Amino acid sequence: MKSEQKIEKNASTEEKIKEAARVVFTRKGYAATRTRDIAEESGYNLALINYYFRSKEKLFDIIMVEHLHLFMQSIAGIVNDRSTTLFEKLEIIVAHYIDMLIANPGLPLFILNEINADPDKLISKVGIGEMAHGELYIITQWKEMAAANNAQLVNPLHIFMNLISLTIFPFVACLLIRNRTGISEENFNALMLERKKLIPMWVKTIIMSSMQQT
């Protein structure tokens, strides 16, 4: 019967549409993107895109949640791991993000664009606030280290912002850096891999220096 002959959704087609949408949303942002833009990028028609995702908003929500889970939720286990020291956690976080961003170079700009556009929507969609329930173990370790050094506690957000900035900014400015220096994508990625060791060293120096100055 005709009613039993509906086209089954194909996982490969769905992923191709999502990948095209990631490219367009990263390039233009949500507000400026039309479903027709995604259709042109993917090579599929509007009807097929609507069949899979119903609307631009639903497609965007799926991609946004996937991106933010990839970016934020994956470190929840790292910061609450009781088997690693504070400085080991910093090394693991940096290595994790650099590997992830080399594999997903468009991710930082996508997130930054949408954070600026509608931060409340991002937080509610991905449930970032859930990570704030209860004290993270990395914060407990931070307090314990300050107490052990008889130092005034510096707000750990300073350290987190430095860590994230040092890790993510080169990827945000990747095209500018490569255009100005003439380095290839391969050489740029090699520089980023070097930063796995350098960034934790720099941040550790900042931490120890801030404790000596208080």
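Our subject in this report is the structure included herewith. (Residues numbered from 1 in each chain as written. Predicted model: local features only at pLDDT ≥ 70, side-chain atom pairs only at ≥ 80, totals over all residues. Heavy atoms only, no water.)

1. Some words on the overall build of the protein chain
Next up, step 1: Within the protein chain, the regular secondary structure consists of twelve helices and zero strands.
Next up, step 2: Taken over 214 residues, the protein chain has a buried fraction of 37%.
Next up, step 3: The contacts in the protein chain between residues at least 6 apart in sequence include a share of 70% that link residues at least 24 apart.
Next up, step 4: Entry remark: accessible area of the protein chain is about 12,700 Å², with carbon and sulfur atoms responsible for 55%. (Helix = DSSP H or I, 4+ residues; strand = E, 2+ residues; numbered from the N terminus. Buried < 20%, exposed > 50% of the residue type's maximum accessible area, 1.4 Å probe, protein only. Contact = heavy atoms within 4.5 Å. Areas by Shrake-Rupley, 256 points an atom, 1.4 Å probe, with all protein chains shown as cover.)

2. Brief notes about the packing of aromatic side chains
Next up, step 1: As enumerated under the stated definition, the model contains six aromatic pairs in all.
Next up, step 2: Judged by centre distance (4.7 Å) and plane angle (50°), the rings of Tyr-30 and Phe-60 are tilted. Taken together, the residues Tyr-30 in the loop between α1 (11-28) and α2 (35-42) and Phe-60 in helix α4 (residues 56-71) connect sequence positions 30 residues apart.
Next up, step 3: Given a relative accessible area of 2%, Phe-60 falls into the buried group. (Phe/Tyr/Trp six-rings, centres within 6.5 Å; stacked < 30°, edge-to-face > 60°.)

3. Examining unusual backbone geometry
Next up, step 1: One non-glycine residue, Arg-54, lies in positive phi territory at about 75°.
Next up, step 2: Relative to the elements of secondary structure, Arg-54 occurs in the loop between α3 (46-53) and α4.
Next up, step 3: A positive phi is found at Asn-150, a non-glycine position, where the angle reads about 50°.
Next up, step 4: Tracing the sequence through the fold places Asn-150 in the loop between α9 (137-148) and α10 (156-172).

4. Notes on the nonpolar core
Most often, soluble globular proteins have nonpolar side chains that are buried together.
Next up, step 1: Phe-25, Ile-38, Leu-59 and Ile-207 are the most contacted members of the largest nonpolar core, which totals 46 residues.
Next up, step 2: The dominant element in this core, judged by the number of residues it contributes, is helix α6 (residues 86-103), at eight residues.
Next up, step 3: Lining this core are residues from two domains, each supplying at least three of them: domain 1 (4-62) and domain 2 (73-213).
Next up, step 4: Excluding residues that lie within four positions of it along the chain, Leu-59 makes contacts with Ile-17, Lys-18, Ala-21, Phe-25, Ile-38 and Phe-53. (Core = buried A, V, L, I, M, F, W, Y, C linked by side-chain atoms within 4.5 Å. Domains from an automatic or database assignment.)

5. A closer look at the packing of helix α7 (residues 107-117) against α10
If you want to describe how two helices pack, look at the angle between their axes and the distance between the axes.
Next up, step 1: Where α7 contacts α10, the axes come no closer than 8 Å and their chain directions differ by 100°. The angle between α7 and α10 places the two elements in the roughly perpendicular class. Of the residues in α10, those touching α7 at Pro-108, Leu-109 and Leu-112 are Ile-168, Phe-171 and Val-172.
Next up, step 2: Grouping the constituent residues of the contact of α7 with α10 by class yields six nonpolar, no polar and no charged. (Axes fitted to C-alpha atoms, helices over the stretch in contact; angles between N-to-C directions. Parallel < 35°, antiparallel > 145°, perpendicular 65-115°, else oblique. Nonpolar A, V, L, I, M, F, W, Y, C, P; charged D, E, K, R; others polar.)

6. Regarding the packing of α6 against α10
Next up, step 1: Contact geometry for α6 and α10: axes closest at 10 Å, N-to-C directions at 15°. Considered as vectors, α6 and α10 are oriented roughly parallel to each other. Read as a crossing pair, α6 and α10 show a hand that is right-handed. Here Leu-90, Ile-93, Val-94, Tyr-97, Ile-98, Leu-101 and Ile-102 of α6 come into contact with α10, specifically with Leu-163, Ile-164, Thr-167, Ile-168 and Phe-171.
Next up, step 2: Per-class residue counts for the contact of α6 with α10 are eleven nonpolar, one polar and no charged. (Left-handed = near helix turned anticlockwise from the far one by under 90°.)

7. Examining the pattern of salt bridges
Next up, step 1: A full pass over the atoms with the stated rule returns nine salt bridges.
Next up, step 2: Between Glu-41 and Arg-27 there is a salt bridge whose closest N-O contact spans 3.3 Å. Note that Glu-41 is positioned in helix α2 and Arg-27 in helix α1, a separation of 14 residues in sequence.
Next up, step 3: Look at Glu-41 and you get partly exposed, because its relative accessible area is 38%.
Next up, step 4: Residues joined by salt bridges that share partners form a network here, namely Glu-15, Lys-18, Glu-19, Arg-22 and Glu-66. (Salt bridge = Lys/Arg side-chain N within 4 Å of Asp/Glu carboxyl O.)

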